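# Structure at a glance
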Amino acid sequence: MQKNLTTKTIIIAVTILLCIYGIIGLPKSKAELLKNVQDNVRLGLDLRGGSHLILQVQVQDAVKAEADQVMERLKD
């Protein structure tokens, strides 16, 4: 049982190290490491500062559309 757990742990660790190597490579200095991370890891809009959305409802148009729908239902 312990051998099976050790094997799984080693496989997981190797997989994680390979993924990290694939993203940042094998840097020779701290500056190169930072450059690799900046070039290879792209932040989405939500992580770069987010986005600001404003939802505005045209009240007159909404009331008119609702009234039209009610009139159609009453006709039926």
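Residues numbered from 1 in each chain as written. Predicted model: local features only at pLDDT ≥ 70, side-chain atom pairs only at ≥ 80, totals over all residues. Heavy atoms only, no water.

### Section: the overall build of the protein chain
Defined as follows: Each helix is a run of DSSP H or I of at least 4 residues and each strand a run of E of at least 2, with the numbering of both proceeding from the N terminus. Both definitions apply: the radius of gyration is a C-alpha atom measure, and the globule rule equals 2.2 Å times residues to the power 0.38. The rule is simple: take the accessible area with a 1.4 Å probe, protein chains only, and divide by the maximum for that residue type; under 20% is buried, over 50% is exposed, in between is partly exposed. A 1.4 Å probe and the Shrake-Rupley method give the accessible areas. Residues count as covered only by the protein chains that appear here. Charge assignment: positive for Lys and Arg, negative for Asp and Glu; neither His nor the chain ends contribute. Lys charges are placed at NZ, Arg charges at CZ, Asp charges at CG and Glu charges at CD.
For the protein chain, the count of helices and strands is 4 helices and 0 strands. The secondary structure elements of the protein chain, listed N-terminal to C-terminal, are α-α-α-α. Relative to the 2.2 N^0.38 estimate, which gives 11 Å for 76 residues, the radius of gyration of the protein chain is 28 Å and therefore markedly larger than a compact globule would have. Each principal axis of the C-alpha distribution contributes one length, and for the protein chain these read about 75 × 45 × 15 Å. Expressed as a percentage of its 76 residues, the buried residues of the protein chain come to 3%. Carbon and sulfur atoms make up 63% of the accessible area of the protein chain, which totals about 7,600 Å². Distance from the positive charge centre (10 side chains) to the negative charge centre (8 side chains) of the protein chain: 20 Å.

### A few points about helix α1 (residues 2-24)
For an α-helix, 3.6 residues make a turn, and residues three or four places apart therefore share a direction. Where we set the bar: What a helix should span is 1.5 Å times the count of its residues minus one.
Between its first and last C-alpha, α1 extends 33 Å over 23 residues, near the 33 Å set by a 1.5 Å rise per residue. Gly-25 occupies a position one or two residues after α1 and carries a positive phi of about 75°.

### Side note on the pattern of salt bridges
When charged atoms on two side chains of opposite charge get close, those side chains can pair. What counts here: Any Lys or Arg side-chain nitrogen found within 4 Å of a carboxyl oxygen on Asp or Glu counts as a salt bridge.
Here the structure, examined in full by the defined rule, presents 2 salt bridges. For Lys-75, the salt bridge identified is with Glu-72, shortest N-O distance 4.0 Å. Taken together, the residues Lys-75 and Glu-72, both in helix α4 (residues 59-75) and 3 residues apart, mark about one turn of the helix.

### Some points on the confidence of the model for the protein chain
Caution applies to low-pLDDT parts of the model: their predicted coordinates are not meant to be read in detail. As a reminder of what qualifies: Per-residue confidence from the predictor is reported as pLDDT, which spans 0 to 100.
Counting all residues, the mean pLDDT for the protein chain is 84, and 96% of those residues have values of 70 or more. Looking across the protein chain, the model is least confident in helix α3 (residues 45-48), with a mean pLDDT of 70, and most confident in α4, with 92.

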